[in-house]
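If you want the building blocks of each chain, they are given just below.
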Amino acid sequence: MDEFKTPLLDELEKGDWPSFVSEIKKAAKTSPGAADLLRQLELSYKEKVGHWKHGGIVGVRGYGGGVVGRYSDVPEEFPHVREFHTARVNQVAGFFYTAEKLRQLADVWDKYGSGLYNMHGSTGDIILLGTTTENLQPCVDELSDIGFDLGGSGGAMRTLSCCVGKARCEKACIDSTDIIRDLTMHYQDVIHRPQWPYKFKIKVSACPNDCAAASARSDLAVMGVWRDALRIDQEAVREYIAKGFKINEQVVNKCPTEALSWDAEKQELNVCTEECTRCMHCINVMPKAISIGKETGATLLIGGKVPVVKGPMIGWVLVPFMKMEPPYTELKDLVDKITDWWADNAKNRERVGELIERVGLANFLEVIGLKPVPQMVKAPRHNPYIFWNPEEVEKRG
Amino acid sequence: MARTDFGPPDFREMLPPVIKENYGQWKYHTVPRPGVLKHVSYSGAVLHSVRVASPRLVSSDFIRDISDIAEKYCDGFLRFTTRNNVEFLVSDEAKLQPLIDELDAKDYLIGGVGLSISNIVHTQGWIHCKSAVTDASGISKNIMEDLKDYFTGKIKVPSRLRIAVACCVNMCGACHCSDISIVGIHRTIPRVNDELASKICEIPTTIAACPTGAIRPNPKAKSVTINSEKCMMCGNCTAVCPAIKIMDPVNDGVSIWVGGKLSNSRKAPMFSKLAIPFIPNNPPYWPEVTDAVRHLVEVWASHAREGERMGEWIERIGWERFFKLTDLPFTNKHIDDFTHATTTFRSSTQFKF
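- Chain B carries the name Sulfite reductase, dissimilatory-type subunit beta in an unreviewed UniProt entry, which gives bioreactor metagenome as its organism.

- As annotated in an unreviewed UniProt entry, chain A carries the name Sulfite reductase, dissimilatory-type subunit alpha and comes from bioreactor metagenome.

In structure tokens:
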């Protein structure tokens, strides 16, 4: 592969960890775009600076987003990445695929694009990395023929994503893949036609282990929980102990709320349900013996986001418990109330968490009609500057 | 016009029969060997998942190869994880070992399950992002090359450890909540091309985009000026005005953050905090970054208790002890001065000398 003359990148083909450079070279065998991508990247490695221009709008018929314009700032040198746009393709919930479906995808992308992908992008989409303006429309048309639709971009509801959920996890309290499928179909218009001040993300993790990183990476995180007792199979507990498992050191003493106790005499693990905060630790380390409760639903957290622009946020508890049954009407009603209020009140590029910080959580709750509950805060306020509405005080004069 | 708004393929059509039959009925799982999950259903049914590393940026050849493997051993069923690994879903236990043998023969790295360092979640970098300060793929490749024995389970860790790499402070990729994060940063303020700004820049939007009020109008030039004392180099203005450039190949570089987590296990989720404010970009190997990450992993692994995530360990021993044990300098850069700064100051005599 000497023809590329990419000595710096060639270094990253060495070793055992799979190499993205080798992947680009594989694609470059048939794609001039992938070849120029490699050459431009070598220049970036040499100069320590990127070579993509600021944005640029591209589009496909019927959609307001889903494709992102990308143009090289050195097109004379690398003409095949002069236009090298991204298509965000909505992934299958839970990232499940069949070989047949993936091959169909590869056939279309080889025909119209670079043959390079991110499996998957940070939000969850399949990222098709690099095609021309001319090829975008036929590419999207043929993707549609094989059943793949675009995801979100810009001031839209972004592509929704979730953990593996009930399909393959014993800890799933809610049906994350079904919720995501249902919401994705319900919100097609706001996913595909940006009409909001900025992005709005929803992710679902089926338990508090949060494998979908929902609380950090989505404006509205739906996290599976239960509110009855966790279930303990005492026989299975004793089997763990017979194999040398140190139940006090590994489980009881690590319970953050001291909800667990080990009765050595009766050889029984007991839980005080009122004290349990469902931290998952005991279930994670004794999966054969301890499982989630039966009365399941979701905790909703609002405002999670990355630093831009007011600093990073992890979502705040908005609804401690909501039943999660299809067609998820209560959830959708709440999403609509939140996004309507946010769309009306947010400044350009202001995420919902930042808007709530600006106007106050209590005001936000009033607008969307939720009652304040102690689960929403770590502690009540510690300053005396309380706002009172006129109707809350006696009229004088 | 082509059809629109039909959504992605239905996940139900992508599930192997054993999953369809045992959907929501899984009882527990074990890890029979590194990189392999064995899920057992209440019905007694068993599903094995074999996890392999991926560079995330993959070619059609890669897609076809994993598809062929899935067809041969998994009736065509496979999935990806939220950390960009590939999982082969094996319904027929007799095909498990032959699958592992073929993956080994083809040099796929099997691992990333349980007490291991799984794949890095990272961003686009110089490969395809306009705001990239560094190359996330390159840094990730180097770190995982160095830590591969932690991925494959040859070396055990006290708890899972999550690494993320983001090529700028936008931190697309949960860098604010990972055990170790590498984040591209700027150290010099943006430059305004007045002539271009006067033509294409929406001045009020640009001024409003600044979170610190550092941008003021420059009516003479029909442009804006940036106050270097107020600018914190977040880059938000460069996203709204193409005439403002912030890239500085001499002064840009990366920072390293530690102690974040998202699982609610034991302790509540935690933000990542600054450990190393600046390391220069040094492609293709970024040796200083790789060394720093390995050092952090090793200090944590040798001091943490069983099951203790990086952030839990640091909370127990205290940050003063963390800086001592890692021999990292604590500087004025480590003291927060933004929106949530005062929540990070200590109001207690409870600290260690």
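1. Considerations on empty space enclosed by the protein
All names here are of chain A.
Then, in step 1: Tallied over the full model, the rule gives five cavities of 30 Å³ or more.
Then, in step 2: Lining the largest cavity we find 18 residues, and of these L230, C255, C276, C279 and C282 sit closest to its centre.
Then, in step 3: Residue composition of the lining of the largest cavity, by class: 13 nonpolar, three polar and two charged.

2. Notes on unusual backbone geometry
Residues and elements named next belong to chain A.
Then, in step 1: Here the residue pair V308 and V309 is connected by a cis peptide bond, since its omega of 10° sits within 30 degrees of zero.
Then, in step 2: Take V309: it is sitting in the loop between β13 (296-302) and β14 (316-322).
Then, in step 3: Located in the positive-phi region is Q267, a residue other than glycine, with phi close to 55°.
Then, in step 4: Turning to its location among the elements, Q267 is positioned in the loop between β10 (260-263) and β11 (268-271).
Then, in step 5: We classify Q267 as partly exposed; its relative accessible area is 30%.
Then, in step 6: Although it is not a glycine, Y328 sits at a positive phi angle of roughly 60°.
Then, in step 7: Within the secondary structure layout, Y328 lies in the loop between β14 and α12 (329-345).
Then, in step 8: What makes Y328 buried here is its relative accessible area of 3%.

3. A look at the interface of chain A and chain B
Then, in step 1: Each partner contributes residues to the interface: chain A has 118 residues there, and chain B has 113 residues.
Then, in step 2: Taking both partners together, chain A and chain B bury about 10000 Å²; carbon and sulfur atoms supply 60% of that area.
Then, in step 3: On the chain A side of the interface with chain B, the three residues burying the most area are W17, H54 and R168 of chain A, jointly 10% of the side's total.
Then, in step 4: When the shortest N-O distance is used, the salt bridge between K29 of chain A and D61 of chain B registers 3.4 Å.
Then, in step 5: With seven residues, the single largest contributor to the side of chain A that touches chain B is helix α4 (residues 99-112) of chain A.

4. Some details on the domain arrangement of chain A
Residues and elements named next belong to chain A.
Then, in step 1: Domain parsing of chain A yields domain 1 (7-145), domain 2 (161-226 + 298-376) and domain 3 (231-291).
Then, in step 2: Its C-alpha centre places domain 2 at a distance of 32 Å from the equivalent point of domain 3.
Then, in step 3: Across the boundary between the two partners, domain 2 contributes seven residues, which contact five residues of domain 3.
Then, in step 4: With both chains or domains summed, domain 2 and domain 3 bury close to 600 Å², and 69% of this area falls on carbon and sulfur atoms.
Then, in step 5: Looking at the side of domain 2 facing domain 3, the largest losses of area belong to K171, N209 and W226, adding up to 71% of the total buried there.
Then, in step 6: Across the side of domain 2 that touches domain 3, the residue classes tally to four nonpolar, one polar and two charged.

5. Concerning helix α10 (residues 310-317) of chain B
Residue and element names in this part refer to chain B.
Then, in step 1: In terms of burial, α10 is largely enclosed, as six of its eight residues are buried.
Then, in step 2: Among all positions in α10, only M310, G311, E312, W313, I314 and I317 are buried.
Then, in step 3: Positive phi appears at G318, one or two residues downstream of α10, with a value of about 95°.

6. Focus: the state of the cysteines
By definition, a disulfide links two cysteine residues through a covalent bond between their sulfur atoms.
Then, in step 1: A complete count under the given rule lists zero disulfides over all chains for this structure.
Then, in step 2: Here C169 of chain A is not cross-linked by a disulfide; its sulfur's nearest cysteine counterpart is in C207 of chain A, at 6.0 Å.
Then, in step 3: Judged by relative accessible area, C169 of chain A falls into the partly exposed class, the value being 22%.
Then, in step 4: Note on C175 of chain B: no disulfide assigned, nearest cysteine sulfur contributed by C172 of chain B at a separation of 9.1 Å.
Then, in step 5: Residue class for C175 of chain B comes out buried when judged on its relative accessible area of 1%.

7. Brief notes about the sheet that holds strand β5 (residues 77-80) of chain B
Then, in step 1: Here we have six strands laid out as an open sheet, ordered β3(A)-β5(B)-β6(B)-β3(B)-β2(B)-β1(B), and antiparallel in their pairing. In the strand order of this sheet, the two ends are held by β3 (96-98) of chain A together with β1 (26-33) of chain B, each with one partner. Each strand axis lies, on average, 30° off the axis of its neighbour in the sheet, ignoring direction.
Then, in step 2: Sheet topology note: the β1 of chain B/strand β2 (residues 36-41) of chain B ladder contains five bridges and is antiparallel. Within the sheet, the bridge partner assigned to H29 of chain B lies in β2 of chain B and is H39 of chain B.
Then, in step 3: Against the sheet, α4 of chain A touches β3 of chain A together with β5 of chain B, its axis set at about 80° to β3 of chain A.

8. With respect to the UniProt feature "domain: Nitrite/sulphite reductase 4Fe-4S" (unreviewed entry) in chain A
Then, in step 1: Mapped onto the present numbering, the UniProt feature "domain: Nitrite/sulphite reductase 4Fe-4S" (unreviewed entry) falls at residues 154-369 of chain A.
Then, in step 2: Summarising residues 154-369 of chain A: 33% helix, 18% strand, and an end-to-end C-alpha distance of 28 Å.

9. What to know about a negative patch on the surface
Then, in step 1: Taken together, the side chains of E47, D73, E76 and E77 of chain A make up a negatively charged region of the molecular surface.
Then, in step 2: Residue position: D73 of chain A is located in the loop between β1 (67-68) and β2 (86-89).

10. Brief notes about the domain arrangement of chain B
Then, in step 1: When the domains of chain B are assigned, the result is domain 1 (11-105), domain 2 (121-187 + 249-334) and domain 3 (191-245).
Then, in step 2: Computed from C-alpha atoms alone, the centre-to-centre distance between domain 1 of chain B and domain 3 of chain B is 50 Å.

11. Let's talk about the nonpolar core
Then, in step 1: Judged by nonpolar contacts, the single largest core of 108 residues is most densely connected at L331 of chain A together with F88 of chain B.
Then, in step 2: It is helix α2 (residues 60-74) of chain B that provides the largest number of residues to this core, a total of seven residues.
Then, in step 3: In contact with F88 of chain B, other than residues within four places in its own chain, are H48, S49, V50, V52, I66, I69, A70, C74, F77, L78, L99 and L103 of chain B.
Then, in step 4: In terms of nonpolar packing, the next biggest core, distinct from the first, is built from 69 residues, F4 and L9 of chain A together with I143 and V165 of chain B among them.

12. Side note on the sheet that holds β14 of chain A
Residues and elements named next belong to chain A.
Then, in step 1: Reading across from one edge, β6-β7-β8-β13-β14 is the order of the five strands in this open sheet, with mixed pairing throughout. Lying at the two open borders of the sheet, with one neighbouring strand each, are β6 (161-162) and β14.
Then, in step 2: Along the sheet, helix α6 (residues 176-186) contacts β6 and β7 (202-205); its crossing angle with β7, the most-contacted strand, is approximately 160°.
Then, in step 3: Of the strands in this sheet, β7, β8 (220-226), β13 and β14 touch α12, which is tilted by about 155° from β14.

13. Considerations on the pattern of salt bridges
Then, in step 1: This model, assessed by the stated rule, comprises 40 salt bridges over all chains.
Then, in step 2: Shared partners join several salt bridges into a network, and the residues in it are D16 of chain A together with K141, E145 and K148 of chain B.

14. Some thoughts on helix α5 (residues 133-145) of chain A
Then, in step 1: Along α5 of chain A, the residues that are buried comprise L136, Q137, C139, V140, L143 and S144 of chain A.
Then, in step 2: Of the residues flanking the end of α5 of chain A, it is G147 of chain A, one or two places downstream, whose phi is positive at about 90°.

15. Points about a nonpolar patch on the surface
Residues and elements named next belong to chain A.
Then, in step 1: Where nonpolar side chains cluster on the molecular surface, the patch consists of I386, W388 and V393 and spans about 330 Å² of accessible area.
Then, in step 2: Note that V393 resides in the segment after α14 (361-368).
Then, in step 3: Overall, the relative accessible area of 48% leaves V393 in the partly exposed class.

16. Section: the pairing of strand β14 (residues 253-258) of chain B
Residue and element names in this part refer to chain B.
Then, in step 1: β14 sits mainly inside the fold: five of its six residues count as buried.
Then, in step 2: Bridge count for strand β9 (residues 180-185) against β14 is six bridges, and the pairing is antiparallel. Within the sheet, the bridge partner assigned to I185 lies in β14 and is G253.
Then, in step 3: Looking at chain direction, β14 and strand β15 (residues 273-280) are connected through five bridges and run antiparallel. Directly across from V254, in β15, lies its bridge partner I279.

What counts and what doesn't
- Within every chain, residues take consecutive numbers counted from 1 along the sequence as written.
- Both sets of labels track the order of writing: A upward for chains, 1 upward for ligands.
- Reporting in this predicted model follows two pLDDT cut-offs: at least 70 for local features of residues, and 80 or more for side-chain atom pairs to be given and counted; totals over whole chains, interfaces and linings ignore these cut-offs and use all residues.
- Where side-chain values are given, they derive from all heavy atoms of the structure, hydrogens and water being excluded.
- A 1.4 Å probe that fits but cannot get out identifies a cavity on a 1 Å grid over protein atoms alone, an open set with protein on both sides within 12 Å along at least five of seven lines counts as a pocket, and a residue lines either if it has an atom within 4 Å of a point.
- Grid points are joined across faces, edges and corners, and a volume is the space filled by probe spheres set on the points.
- Under the scheme applied here, ten amino acids are nonpolar (Ala, Val, Leu, Ile, Met, Phe, Trp, Tyr, Cys and Pro), four are charged (Asp, Glu, Lys and Arg), and all others, including Gly, are polar.
- Going along the chain from the N terminus, every DSSP run of H or I of four or more residues is numbered as a helix, and every run of E of two or more is numbered as a strand.
- The buried label goes to any residue with under 20% of its type's maximum accessible area, the exposed label to any with over 50%, and the partly exposed label to all in between, with areas taken from a 1.4 Å probe on protein chains only.
- Working rule for contacts: check all heavy atoms of both residues, and any pair within 4.5 Å makes them a contact.
- By buried area we mean how much accessible surface two parts lose on assembly, using a 1.4 Å probe and totalling the loss over both.
- What makes a salt bridge here is a side-chain nitrogen of Lys or Arg within 4 Å of a carboxyl oxygen of Asp or Glu, nothing more.
- Note that the domain bounds reflect an automated or database-derived domain assignment.
- Throughout, disulfides are identified as pairs of cysteine sulfur atoms within 2.5 Å of each other.
- Between any two strands, at least two bridges found by DSSP are needed for them to pair.
- To define axes, lines are fitted to C-alpha atoms, for helices over the stretch in contact only, and angles between the resulting N-to-C directions are given on a 0 to 180 degree scale.
- UniProt positions are given in the numbering used here, feature names are shortened, and annotations may be inferred rather than shown by experiment.
- Like-charged residues within 9 Å of one another, or nonpolar side chains (Val, Leu, Ile, Met, Phe, Trp, Tyr) within 5 Å, are grouped into patches, provided each residue has over 30% relative accessible area and no salt bridge.
- All accessible areas in this document rest on Shrake-Rupley with a 1.4 Å probe, and a residue is counted as covered only by the protein chains that are shown.
- The charge count treats Lys and Arg as positive and Asp and Glu as negative. His and the chain ends do not count.
- We put the charge of a Lys on NZ, of an Arg on CZ, of an Asp on CG and of a Glu on CD.
- Within this scheme, the nonpolar core is defined by two criteria: the residues are buried Ala, Val, Leu, Ile, Met, Phe, Trp, Tyr or Cys, and they are joined through side-chain atoms within 4.5 Å.

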